[in-house]
Amino acid sequence: MRHILKNRILKGVVARHIEPDLSIEMESIGSELRSLIRKKFGRSLHIREVDTGSCGACESEIISANNPIYDLQRFGVNFAASPRHADAIMVTGPVSKNMLIALKSTYEAMPDPKFVITCGDCALKGGLFKDSYYTEGAVKDILPVALHIPGCPPSPTTIIKTLLAFLRQDV
Amino acid sequence: MDCPEIISGIKKNLPGFAAISCSQNYPDEIYIKVEPSAFNDTCLALHEMLPSPVMMLFAVDERAKSKQFEIKAVFANFKKSQWIILGMDVPSDDPCFESMAKKIHSASLFEREIYEMFGITPKNSPDLRRLNLHDEVWPKGSYPLRKDFKKAKSPTASGEYKFVRVEGDGVFEIPVGPVHAGIIGPGHFRFSVAGEPIINLESRLGFTHRGVEKLFEGKHYNDAIRIAECISGDASFGHSLAFTHAVEKIFGISVSLQDVYSRAIFLELERMYNHVNDMGGMAVDVGFSFPAAYASIIKEAILQLNEMLTGNRYLKGVNRVGGILAVFDETKKGILLSSLDKIKNDFGELVKILNSSVSFMDRVDTAGVLRKKTAEDLGVVGLVGRASGIPMDLRKHFPGVYKDAKFKMAIGQSGDCLARLKIRIDEFEESYRLIELFAKKICLQREDRHMPQPKAGTALGYAESWRGPVLYWLKTDQAGLIERCKIVDPSFHNWQALSYAALGNIIPDFPLCNKSFDLSYSGNDL
């Protein structure tokens with residue numbers, strides 16, 4: 001207990017100031033649907049993460065985005081443990097054939113309204129693995145994707161800034 | 001040890017042994033070719049004599065040249081810092097071989113992999129279920145790693161996977177996955193429980209299979225490094241190091257000492273951020289959030305240090321054949337040492353917080369015990385093996401620059417979560433010491449680097465990444481294009497051990513056991 005108190009006081013607040021950057025160019029959907037998503041989820045968004053064959057670096061960065069330094073939760077974005085509690089799924093990886101059924105059922109298990117975010121280069125077009133015999137390719141051919149977060153892997157700052165720029169109308 | 005020595009060694013254990021050929025292409029690699037009828041006995045002799053688990057067992061499609069498949073088994077001679085590769089030919093008209101899984105358990109998964117990828121049948125095998133090509137989505141009789149494989153447009157299902165069933169009064173099954181509650185890779189776990197304790201656990205993996213080994217084929221070595229880095233994202237440097245090592249051996253490139261030191265520093269940095277991440281993960285899994293948050297701050301500091309030194313948080317795009325792109329000048333050395341100093345202080349506090357919490361220690365102590373005998377039988381490697389008392393670390397057995405640094409291997413005995421936690425703490429501190437030492441030894445001399453001259457050949461590349469040994473067996477053609485690349489991530493050996501470590505524990509302790517192993521899904525599934 002003594003150590004916890006000491007380090008709590010010594011460390012103080014480590015969270016970094018992050019400005020949503022509106023100049024980010026996003027690969028996203030039409031403005032009509034976007035404003036609908038903003039209206040519905042702008043202040044509180046619960047995301048279920050689905051790995052469809054990523055190398056684990058995207059997962060690591062998504063976890064980092066939730067650490068005390070980047071602290072994604074302060075912007076109202078949470079990661080849910082079940083698709084039943086989620087408003088969106090964040091898909092990583094080039095969609096291995098083995099994950100196709102699981103990906104679709106996760107999407108189906110979510111209540112409406114819902115949308116899909118892809119995270120990392122693999123999820124966009126298959127990345128390095130697009131020519132493989134065992135990948136299904138782009139997530140957008142399987143599910144309706146509303147937003148893509150680019151990078152291999154995208155840094156926590158990119159993840160947060162892209163999400164915020166997408167969700168906030170006027171910052 | 002040279003060829004005659006090793007052959008006479010085998011003869012002592014196996015009277016009447018005769019090899020077709022024996023050659024030593026590199027100082028650390030001996031290749032012995034035997035008749036198919038003698039293959040299993042020789043494997044068993046090497047397995048007991050060295051002693052070594054089956055480190056690799058794989059097939060190569062040589063039908064274009066010799067109308068035959070070739071099967072190779074790789075054993076490690078730790079005492080002599082050598083790899084012993086045993087080969088045999090398998091005729092292509094009736095591709096089969098006698099299974100050795102009943103005698104050497106560590107060969108079992110490899111045999112299943114050869115069967116599903118090449119259609120070479122291990123006769124009398126106890127288990128022939130497919131690992132990565134799931135029956136629900138892939139037809140029978142389609143073998144992707146054969147050279148004449150053609151991608152089918154819409155493959156069909158061929159059946160269903162059969163789990164091992166435990167039956168009896170009060171036994172019930174809990175299926176978990178492939179999509180888990182946390183932000184983590186996909187895998188399916190089937191628990192059979194009676195009351196609270198787990199009486200059987202079967203893990204079904206392969207959900208992240210992306211056909212990596214096939215993708216390597218026909219690629220230029222410079223393009224292939226990028227794929228190697230994406231096999232397991234948290235061990236990207238370990239993988240790129242093992243891959244470049246194999247290429248450098250084939251091309252006969254000697255890497256400058258300065259680059260060897262730089263590579264060792266990055267390998268240790270990768271180890272540090274992953275070890276501290278796992279310690280935080282173990283704290284999360286027992287619901288102890290303060291040290292978990294504290295550990296994530298330390299991890300973030302190391303990732304940011306990586307970015308400052310190389311421009312990439314996960315050390316991707318840093319390594320290349322013949323050297324390394326990042327240069328340690330005086331400023332970078334200063335950044336490295338001063339950041340590490342702070343990181344070490346924070347780490348000391350983290351260890352104090354964990355050690356002084358009785359409830360945390362109570363949870364990790366005696367949870368998830370992997371006994372030494374089980375670990376040896378399964379061929380467990382790396383960190384998990386060391387926690388169970390198997391003294392195996394490539395940094396010790398194939399030392400290189402670690403020799404002068406007087407590398408001290410961390411080892412445990414009890415094989416429980418606490419032992420694995422302690423190994424991580426020891427290795428983190430050792431890594432810190434090594435980095436400091438290596439950084440002092442780097443002196444900048446611009447050396448002329450020659451463009452690598454591609455050559456045809458085969459070689460085994462290896463590196464002790466943070467989970468354990470990463471092995472790459474590589475075959476190139478004249479132009480330097482890759483003909484076959486076999487990758488073994490330590491997770492492949494260790495996943496099955498988790499099923500044994502979890503036995504007898506209650507289900508709420510499974511996440512803790514799992515995190516204390518922290519194995520890669522994508523590294524296993526390839």
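Enquirer: Please set out unusual backbone geometry residue by residue, giving values where relevant.
Expert: Along the chain, A:Asp112 connects to A:Pro113 via a cis peptide bond; the corresponding omega equals -5 degrees. Along the chain, the position of A:Pro113 falls in the loop between α4 (100-109) and β5 (115-119). Even without being a glycine, B:Asn124 presents a positive backbone phi close to 60 degrees. Its place among the elements puts B:Asn124 in the loop between β7 (121-123) and β8 (171-176).

Enquirer: So what's going on with the interface of chain B and chain A? Residues and values would help.
Expert: In this complex, chain B contributes 40 residues to the contact, which on the side of chain A involves 40 residues. Elements supplying a minimum of two residues to the side of chain B that touches chain A: α5 (212-216), α6 (221-229), α9 (289-310) and α10 (330-355) of chain B. A total of 6 residues in the side of chain B that touches chain A trace back to one element, the largest contributor, which is α9(B). A class-by-class count of the residues in the side of chain B that touches chain A yields 19 nonpolar, 12 polar and 9 charged.

Enquirer: Just give me the short version of the sheet that holds strand β1 (residues 21-26) of chain B, but keep the residues and values in it.
Expert: Strand pairing within a sheet occurs via backbone hydrogen bonds; the two strands may be parallel or antiparallel. All names here are of chain B. Spatial strand order, β1-β2-β5-β4-β3: 5 strands in an open sheet with mixed pairing. Two strands lie at the open edges of the sheet, namely β1 and β3 (56-62), each paired on one side alone. When the angles between neighbouring strand axes are averaged without regard to direction, this sheet yields 25 degrees. One ladder, built from 4 bridges, connects β1 with strand β2 (residues 29-33); its direction is antiparallel. Within β2, the position partnered with Cys22 by the bridge is Ile32. Its contacts with the sheet place helix α1 (residues 3-13) against β1, β2 and β5 (82-91), and it is angled at close to 135 degrees to β1.

Enquirer: Describe the pairing of strand β14 (residues 469-476) of chain B, naming the residues involved and giving the relevant values.
Expert: Residue and element names in this part refer to chain B. Taking burial as the measure, the 8 residues of β14 include 7 buried ones, the bulk of the element. Pairing of strand β13 (residues 457-464) with β14, which is carried by 8 bridges, proceeds in the antiparallel orientation. When the sheet's bridge partners are listed, Ala463 is paired in β14 with Val470. Two strands pair when backbone bridges link them, and β14 and strand β15 (residues 482-488) are joined in this way by 6 bridges, in the antiparallel orientation.

Enquirer: Report on the domain arrangement of chain B, specifying residues and quantitative values.
Expert: Residue and element names in this part refer to chain B. In terms of domain boundaries, chain B breaks down into domain 1 (3-123) and domain 2 (212-525). Between the C-alpha centres of domain 1 and domain 2 there is a distance of 28 Å. Listed by partner, the interface residues are 17 residues for domain 1 and 17 residues for domain 2. Breaking the side of domain 1 that touches domain 2 down by element, the ones donating at least two residues are β3 and β5. Element by element, the count of residues in the side of domain 1 that touches domain 2 is highest for β3, at 3 residues.

Enquirer: Outline the nonpolar core, listing residues and values.
Expert: Ranked by internal contacts, the top residues of the largest apolar core, which has 204 residues, are A:Ile89 and B:Leu471. Here this core takes 13 residues from helix α8 (residues 257-285) of chain B, the largest share from any one element. Taken domain by domain, the makeup of this core includes at least three residues from each of domain 1 (3-123) and domain 2 (212-525) of chain B. In this structure, A:Ile89 is in contact with A:Ile47, A:Arg48, A:Val50, A:Pro83, A:Thr106, A:Tyr107, A:Met110 and A:Val116, ignoring residues within four places of it in sequence.

Enquirer: I'd love a proper account of the packing of helix α7 (residues 236-251) of chain B against α8(B), names of residues and values included.
Expert: All names here are of chain B. For the pair α7 and α8, the least separation of the axes is 8 Å and the interaxial angle reads 145 degrees. Between α7 and α8, the contacting residues are Phe237, Gly238 and Leu241 on the first element and Arg263, Phe266, Leu267 and Glu270 on the second. Looking at the contact of α7 with α8, its residues break down into 4 nonpolar, 1 polar and 2 charged.

Analysis parameters
Residues numbered from 1 in each chain as written. Chains lettered and ligands numbered in written order. Predicted model: local features only at pLDDT ≥ 70, side-chain atom pairs only at ≥ 80, totals over all residues. Helix = DSSP H or I, 4+ residues; strand = E, 2+ residues; numbered from the N terminus. Contact = placed C-beta atoms within 7 Å. Nonpolar A, V, L, I, M, F, W, Y, C, P; charged D, E, K, R; others polar. Pairing = 2+ DSSP bridges. Axes fitted to C-alpha atoms, helices over the stretch in contact; angles between N-to-C directions. Buried ≥ 20, exposed ≤ 12 C-beta atoms within 10 Å, placed from the backbone. Domains from an automatic or database assignment. Core = buried A, V, L, I, M, F, W, Y, C linked by C-beta atoms within 7 Å.

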